[in-house]
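# Architecture and fold: a report
Each chain, written out:
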Amino acid sequence: MNAERYLNHPTFGMLYLVSPASNGRDVYATLYAQKIFFLVTLQPRGATFEVIPYMDARHYSEMHMAKCRREKSSDMDVWQELFNQTFM
């Protein structure tokens, strides 16, 4: 599995996928400059971006990794590496 996925935000430019969240939403972060985190919902006619705090983004990521561990997901290493790059 390749976890690299990018979106273009109209104001903040390139965002990268940090982790899937819940209910069809994903956590993204700014690629350049300071870290700003977004909860993104992709829709047929665009996307909605909700700014979220660092700790909320980390929480979503930790919950996703716990789910991967429970399900013994083969892409756990990919998500762990992405988590470490983003939050450590």
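The name that an unreviewed UniProt entry assigns to the protein chain is DUF3539 domain-containing protein, with the source organism given as Prochlorococcus marinus.

The next thing to look at is the pairing of strand 4 (residues 37-43). Bridge count for strand 3 (residues 25-30) against strand 4 is five bridges, and the pairing is antiparallel. In the sheet register, Ala29 faces strand 4, and the bridge partner there is Phe37. Counting the residues that bridge the hairpin from strand 4 to strand 5 (residues 46-52) gives two residues.

On to the sheet that holds strand 4, then. One open sheet accounts for five strands, arranged 1-2-3-4-5; its pairing is antiparallel. What marks the edges here is a single partner per strand, and that holds for strand 1 (6-9) and strand 5. For this sheet the average axis-to-axis angle between neighbouring strands, irrespective of direction, equals 40 degrees. Bridge count between strand 1 and strand 2 (residues 13-20): four bridges; the pairing is antiparallel. The residue of strand 2 that forms the bridge with Leu7 is Leu15. Contacting strand 2 and strand 4, helix 2 (residues 76-87) runs over the sheet at an angle of about 125 degrees to strand 2.

Enumeration over the complete set of coordinates arrives at two salt bridges. When the shortest N-O distance is used, the salt bridge between Asp26 and Arg5 registers 2.8 Å. You can see Asp26 sitting in strand 3 and its partner Arg5 sitting in the segment before strand 1, a full 21 residues away along the chain. Owing to a relative accessible area of 12%, Asp26 belongs among the buried residues under this scheme.

About the cut-offs
- Residues numbered from 1 in each chain as written.
- Predicted model: local features only at pLDDT ≥ 70, side-chain atom pairs only at ≥ 80, totals over all residues.
- Heavy atoms only, no water.
- Pairing = 2+ DSSP bridges.
- Helix = DSSP H or I, 4+ residues; strand = E, 2+ residues; numbered from the N terminus.
- Axes fitted to C-alpha atoms, helices over the stretch in contact; angles between N-to-C directions.
- Contact = heavy atoms within 4.5 Å.
- Salt bridge = Lys/Arg side-chain N within 4 Å of Asp/Glu carboxyl O.
- Buried < 20%, exposed > 50% of the residue type's maximum accessible area, 1.4 Å probe, protein only.

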